[in-house]
Amino acid sequence: MPDPNPMTAAVSAPLGDALSYDAAMPVSWTPLVALPGAVRLEQFNEDNLRVLAAVALLDEQRGSGTAADESSPIDAEIARLNQKLNLVIDLLGFLVSQNAPAAEARRVRLSWQGLVFSGEQPLGDIGLVSLRLNRSVPQPLVWPARIVHVDGDECHARFEAFGDALQTALERHVFLRHRRAIAGIRRTASA
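*Asks:* Please explain the packing of aromatic side chains as it appears in this structure.
*Replies:* Centre-to-centre distance and the angle between the planes together describe a pair of aromatic rings. Under the criterion given, the structure shown has four aromatic pairs. Between the aromatic rings of Phe 44 and Trp 143, the centroid separation amounts to 6.4 Å while the plane-to-plane angle is 65°, which identifies the pairing as edge-to-face. With Phe 44 in helix H1 (residues 38-63) and Trp 143 in strand E5 (residues 141-151), this residue pair connects regions lying 99 residues apart in the sequence. For the pair Phe 44 and Trp 143, one class covers both residues: buried. What links up through ring pairs into an aromatic cluster is the set Phe 44, Trp 143, Phe 159 and Phe 162.

If you want it as structure tokens, here you go:
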């Protein structure tokens, strides 16, 4: 049974003790016979760095203050333009997702080392996992992984090794989402 706490800091043993966060997101698993070659991994690496940069940028923009918090009329106007741009990005992401086949949204626990998701993959199976980290960013994060533990219909998959830049970007993404979940629980507890 999965931990009901959305910011589980210690993930189950197959994924190590890395920070993680729980979210509902589209996830798909494509079985592979063998791991992709170096050229394909480099393409995944570059694509994933762009995905994580886009997600970080959107998260940063949405985390900034509103127009009422701004100190000058110019700052207030920039904030209003930023909100309009966010709306256009959301609408564009929605339109793209309407025309693209979407994976089913499932509960996922994600760390930089791997993920836990519901599925029916056999132990030791290798495949490409595809995660859509933000609904406004239509391109998913795609990386090879290996099923290292199966608990009922819950699969624990460990990512194959990343390049340093991609690992750092994914660690940062997980850390910020984990921190945001903790802040949300603290706000709820204090209210």
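*Asks:* Is there a simple way to explain the pattern of salt bridges in this structure?
*Replies:* Pairing of side chains with opposite charge becomes possible as their charged atoms draw close. Per the counting criterion, the structure on display carries three salt bridges. Arg 50 is paired through a salt bridge with Asp 47; the nearest N and O atoms lie 2.6 Å apart. Remark: Asp 47 and Arg 50 occur in helix H1; sequence separation between them is three residues, near one turn of the helix. The closest approach of N and O atoms between Glu 160 and Arg 146, which form a salt bridge, is 3.6 Å. Of this pair, Glu 160 sits in the loop between strand E6 (154-159) and helix H3 (164-190) while Arg 146 sits in strand E5; the two residues are 14 residues apart in sequence, bridging distant segments of the chain. By relative accessible area, which is 31% here, Arg 146 ends up partly exposed.

*Asks:* Looking at this structure, I do not really get the sheet that holds E6. What am I missing?
*Replies:* Pairing between sheet strands relies on hydrogen bonds along the backbone, with the strands arranged either parallel or antiparallel. The sheet built from six strands closes into a barrel, its strands ordered E1-E2-E3-E6-E5-E4 with antiparallel pairing. Here the strands of the sheet are splayed against their neighbours by 45° on average, with no regard to which way each runs. Bridging between strand E4 (residues 126-131) and E5 involves six bridges; their strand directions are antiparallel. Bridging across to E5, Ile 126 finds its partner in Arg 146. Along the sheet, H3 contacts strand E1 (21-32), strand E2 (105-110), E5 and E6; its crossing angle with E1, the most-contacted strand, is approximately 145°.

Calculation criteria
Residues numbered from 1 in each chain as written. Predicted model: local features only at pLDDT ≥ 70, side-chain atom pairs only at ≥ 80, totals over all residues. Heavy atoms only, no water. Phe/Tyr/Trp six-rings, centres within 6.5 Å; stacked < 30°, edge-to-face > 60°. Helix = DSSP H or I, 4+ residues; strand = E, 2+ residues; numbered from the N terminus. Buried < 20%, exposed > 50% of the residue type's maximum accessible area, 1.4 Å probe, protein only. Salt bridge = Lys/Arg side-chain N within 4 Å of Asp/Glu carboxyl O. Pairing = 2+ DSSP bridges. Axes fitted to C-alpha atoms, helices over the stretch in contact; angles between N-to-C directions. Contact = heavy atoms within 4.5 Å.

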